[in-house]
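Chain and residue survey
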Amino acid sequence: MAEPTGSQGWSSTAPPGQFQPFIATQESVAEFTLRAVILGALFGIFFGAVTVYVGLRAGLTVSASIPIAVLSISLLRMFSRATILENNIVQTTGSAGESVAAGVIFTLPALIFLGFELEYMRILLLALIGGWVGVLFMIPLRRQLIVKEHGNLTYPEGTACADVLVAGERGGNFAGRVFWGLGLGGAYAFLMHAMGFWKGSPDYRPAWYPGATVKAEVTPEYLGVGYIIGPRVAGTIFAGGVFSWLLMMPAIKFFGSGLAEPIYPGILPIAQMTSEQLWSAYVRPMGAGAVAAAGLITLVKTIPTIVDSFRHGLKDLRERNSAATVARSRVEDDLPMKIVLGGSAALILLVIALLTFYPVPGAPTGFGANVLAGILVVVFGFLFVTVSSRIVGLIGSSANPVSGMTIATLMATCALFLLAGWTGGSYAALALSIGGLVCIAAANAGATSQDLKTGFLIGATPWKQQVGLMVGVSASVLVIGLTLILMNEGLAEYRPVTIAVDIQQLPQGVEIESPDFDYEGSSYYLLNSIGSRTVPDGKYLYSAESGQIEIQWIQGIGSERAAAPQARLMATVINGILNQRLPWGLVLLGVFLVITVELLGIRSLAFAVGSYLSIGTTLAIFCGGVVRWLAERGSEQEESEVSPGSLYSSGLIAGGAIFGLLAIGIALMEDRGWIQEGFFFRGPDWLGGLATGNFLAVVMFVLLSFSLYRFARKKLG
């Protein structure tokens, strides 16, 4: 196939006056084809589920555009020659799944922490509306941000993706690294999670240092995430984990071991608490305060950029409205403004209808409050879509302060509710719905901007990409809610506790959620505690026979294995403003910890996330960063998002996440009796104690790390 006429001397970094798209404006090639849209939708579903799994566990997400582009080039080439614009539609459609999933996991799991249930249809509708709002609100900004400011706003992920697509068009083939990562990562995860060949979390608990624990979740996805984010960020995250698990927790154990009574929010005397219990009771609230403060600091630092972005966006809209209608070329053709405005209005009306006719169970709100919610979604949505679309052009999607924007939205919303006297649990759910919609819209707008930049560089048709993005949103939301619910139920635990309460006069903050909850053939009261001074936050089973709480029902999301730090801090912000019921001493410790870190000149957000997460997560991520540091030493090949190590890491993340989800699903089906227990054998006899000990787990993780190092050192063909 001859190279397109506009491609001679093409460069993604050519200055504005000299730039020409890879596919010339006057050329007409296959683009929005059925196979491209279907393949993109499938990738959106796949990477949407992967992002939920990895994001809830690691507190981080990574861009899916480049892995999707690489896989698309290879897969479509297997059947017949595909055009560069078809491959672009595949990556555009598929990448929407990752960005929408990121917005969802940062906010909507907070429903659990606020005492409500996760409902599939509610998650689907909120994700769908937020994702579409992000696309539609960004469309009027495209000409200003993508076209007019070419050369000023680099959109690093979008530019890198364009380079991959052009290399593929010229015969390059990078997919082998991704497929190797998928295969090895998937096999490793299957043997570890489903077959039980080795321990998933080797640990060391030194008796000479009470309260301290060193452990690592030896999963391929954490290794891949650490490699992609690099040694500097991975090291900062691990430093936060070291602070919490090797400094704070031993200090709590040292000073509190002599106390006979529990200290709120703990439920046991400190001398009897394990490291995990210390983390859950004391470190997690401190970490939530740290993440909230770091998010706000990040937002404050970007205020000049926010103001400039919003000013430029409004200016471009005025110019667009005042300009005479002229014939536009293919590469300038956005969706019509009538569709943008009409669609946006319809979505806001749908928000009001959703909140009015399908409220969170147990949290109905009045029509006036729901109308105000719709207005706030418009105001904050357009503000932060504009901000997000511009910021990712300057610093990339990975540094986009979406959490900070969401915190600002929640603080403003909760302040308005507080002034109006709306402080009940129903208004907490309403505030979260507003924040969730804005977060999803801002996250998807950032990814949309990167995709449209890729399209601008290679000569794609904007309106076809915009339709592809909405198709990708619609497809991915089908699995995002399912994955959330699967992880919440599959990772849940029932732990015995003893807490004396009077069921006739429950402590403040403790409510009866169900008077007849069945667990293992016995009937219990299901209690929900939020902000109580005597019963820590969570769900509990109360026995009428013994007259006390006997079991703590630990939800999967929020546990050590799926910490969901961003969602936890959203619940912290809402509870702190509306209910003023928080362990403020611990929260403020986290706030001043972040201020100290900032004064040291360290970017505090990564440190704060690390201080909240389990050290098992942060240590494994740090190992990935160390592998990248080793791979870069003495290498002439510059590491980037299209480097061999990054492509292999993307495969590790995807393979590990999918088989990790499969293992959770198998465990859940066994628990519910849908399949026979032991459907997959666990820990073969011939391995003996190796299957449950630390040694084999460490050896296998070292071998996986070595495979990453080897693939990273091999140059791409």
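Here, the structure is the one placed above.
Just so you know, these numbers come straight off a predicted model, no measurement behind them.

The rules behind the values
- Residues numbered from 1 in each chain as written.
- Predicted model: local features only at pLDDT ≥ 70, side-chain atom pairs only at ≥ 80, totals over all residues.
- Heavy atoms only, no water.
- Helix = DSSP H or I, 4+ residues; strand = E, 2+ residues; numbered from the N terminus.
- Expected span 1.5 Å × (residues − 1).
- Buried < 20%, exposed > 50% of the residue type's maximum accessible area, 1.4 Å probe, protein only.
- Contact = heavy atoms within 4.5 Å.
- 1 Å grid on protein atoms, 1.4 Å probe; cavity = no way out; pocket = protein on both sides within 12 Å on 5 of 7 lines; lining within 4 Å.
- Points joined across faces, edges and corners; volume = space filled by probe spheres on them.
- Nonpolar A, V, L, I, M, F, W, Y, C, P; charged D, E, K, R; others polar.
- Salt bridge = Lys/Arg side-chain N within 4 Å of Asp/Glu carboxyl O.
- Pairing = 2+ DSSP bridges.
- Axes fitted to C-alpha atoms, helices over the stretch in contact; angles between N-to-C directions.

**Observations concerning helix α22 (residues 694–713)**
Over its 20 residues, α22 runs 29 Å from end to end, which matches the ideal 28 Å to within 8%, given 1.5 Å per residue. Listed in full, the buried residues belonging to α22 are L696, A697, F701, L704, S705, S707, L708, F711 and A712. Where the residues of α22 are buried, they touch α8 (175–194), α9 (220–256), α20 (615–632) and α21 (644–671).

**Some thoughts on empty space enclosed by the protein**
A water-sized probe rolled over the atoms picks out the places where empty space is left. Taken as a whole and assessed by the stated rule, the structure comprises four cavities of 30 Å³ or more. Of the volumes computed, that of the largest cavity is approximately 60 Å³. Considering the residues around the largest cavity, the lining is formed by I73, L76, R77, S80, R81, A82, N87, G168 and E169. Among the elements of the structure, α2 (65–79) and α7 (156–169) are those that each provide at least two residues to the lining of the largest cavity. With three residues, α2 is the largest single contributor of residues to the lining of the largest cavity. Tallied by class, the residues present in the lining of the largest cavity amount to three nonpolar, three polar and three charged. Estimated volume of the second largest cavity: approximately 50 Å³. If you go around the second largest cavity, the residues you meet are L355, P359, V360, A363, T365, N370, S426, A429, L430 and S433. With four residues, the single largest contributor to the lining of the second largest cavity is helix α15 (residues 425–458).

**Things to note about the pattern of salt bridges**
For the structure shown, the criterion picks out 13 salt bridges. Here D203 and K199 are joined by a salt bridge, their closest N and O atoms 3.2 Å apart. On the basis of relative accessible area, D203 is assigned to the partly exposed category, the value being 21%.

**Regarding the sheet that holds strand β6 (residues 538–543)**
Taken in spatial order, the five strands line up as β3-β7-β6-β5-β4 in an open sheet, and their pairing is antiparallel. On the outer flanks of this sheet lie β3 (493–500) and β4 (510–519), each paired with one strand and no other. Averaged over all neighbouring strand pairs, the angle between strand axes comes to 30 degrees, with direction disregarded. Where strand β5 (residues 522–529) lies against β6, five bridges are found, and the strand directions are antiparallel. Looking at the pairing, L527 lines up with Y540 of β6.

Worth remembering: the numbers are spatial, not functional.
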